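Structural characterization, general
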Amino acid sequence: MVLILLAAMGGGMFSTALLLPYGILTALLGAPLTASLCAAAAGAVILLRRGDDGSTDVAFDEAMDDRTDAMVKMLRDIAAKGRETGADAEQPARNAKAA
């Protein structure tokens, strides 16, 4: 997102500098158009570099999936141990009044 913003700002300033000899009004009217075109071009370049799946790095996603799977397994083991020990523990009454 920051790269698209920088491309738009740079394109607008560049076109203003190029169109300034033709008049300030022409330069100010041409800057937003050129900035928008530069932002669209930067977005297209980023989209094409990412590939078909839209991810930045396939190896990173696979490593993240492995870590997520390991964390889910660990949490399920902890929950299973909690159920085993929780069944034997005495549960306090919810509506018990203090004497």
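A brief report on the enclosed structure follows. One numbering rule holds for all chains: residues counted from 1, following each sequence as written. Whole-chain, interface and lining totals are the exception, using all residues; otherwise, since this is a predicted model, local features are given only for residues with pLDDT of at least 70 and side-chain atom pairs are given and counted only at 80 or more. Calculated side-chain values reflect all of the structure's heavy atoms, with hydrogen atoms and water omitted.

**Considering the overall build of the protein chain**
The number of helices and strands found in the protein chain is 3 helices and 0 strands. Tracing the protein chain from N to C terminus, the helices and strands come up as α-α-α. The buried share among the 99 residues of the protein chain stands at 11%. For the protein chain, the exposed area adds up to about 8500 Å²; of that, 66% sits on carbon and sulfur atoms. Each helix is a run of DSSP H or I of at least 4 residues and each strand a run of E of at least 2, with the numbering of both proceeding from the N terminus. In this scheme, a residue with accessible area under 20% of its type's maximum is buried, one over 50% is exposed, and one in between is partly exposed, where area comes from a 1.4 Å probe on protein chains only. The Shrake-Rupley method, run with a 1.4 Å probe, gives the accessible areas here. Residue values count only the displayed protein chains as cover.

**Some points on the environment of Cys 38**
Mapped onto the secondary structure, Cys 38 falls in helix H2 (residues 24-50). With 26 residues separating them in the primary sequence, Cys 38 and Gly 12 have C-alpha atoms 8.2 Å apart. Any two residues whose heavy atoms approach within 4.5 Å are treated as being in contact. Non-local contacts of Cys 38, meaning those with residues more than four positions away in its chain, are made with Ala 7 and Gly 11.

**Overview of a nonpolar patch on the surface**
Each patch groups residues whose relative accessible area exceeds 30% and which form no salt bridge, using 9 Å between like charges and 5 Å between nonpolar side chains of Val, Leu, Ile, Met, Phe, Trp and Tyr. For this document, the term salt bridge refers to a Lys or Arg side-chain nitrogen within 4 Å of an Asp or Glu carboxyl oxygen. The grouping of Val 2, Leu 3, Leu 5, Leu 6, Met 9 and Met 13 at the surface amounts to a nonpolar patch, some 650 Å² of accessible area in total. Its location among the elements puts Leu 6 in helix H1 (residues 2-19).

**A word on the pattern of salt bridges**
According to the stated counting rule, one finds 1 salt bridge in the structure shown. A salt bridge links Asp 77 to Lys 73; its shortest N-O distance comes to 3.3 Å. One end of the pair is Asp 77 and the other is Lys 73, both in helix H3 (residues 58-88) and 4 residues apart, which spans about a single turn.

**Considerations on a negative patch on the surface**
When charges are counted, Lys and Arg contribute as positive and Asp and Glu as negative, whereas His and the chain ends are disregarded. Here the site of a charge means atom NZ of a Lys, CZ of an Arg, CG of an Asp or CD of a Glu. A contiguous patch of negative charge on the surface is contributed by Glu 62, Asp 65, Asp 66 and Asp 69. On the basis of relative accessibility, which here comes to 48%, the residue Glu 62 falls in the partly exposed class.

**A few points about H1**
Take the number of residues in a helix, subtract one, and multiply by 1.5 Å to get its expected span. The end-to-end C-alpha separation of H1 is 26 Å, in line with the 26 Å expected for 18 residues at 1.5 Å each. Among the residues of H1, those classed as buried are Ala 8, Gly 11, Gly 12 and Ser 15. Angularly, the buried residues of H1 cover 100° about the axis, an arc narrow enough to put them on a single face. In this structure, H1 carries Val 2, Leu 3, Leu 6, Met 13, Phe 14 and Ala 17 as exposed residues pointing more than 90 degrees from its buried face. Tucked into the core, H1 has its buried residues touching H2. Each C-beta atom gives one direction from the helix axis, and the arc is the one those directions make.

The analysis is restricted to geometry; functional conclusions fall outside its scope.
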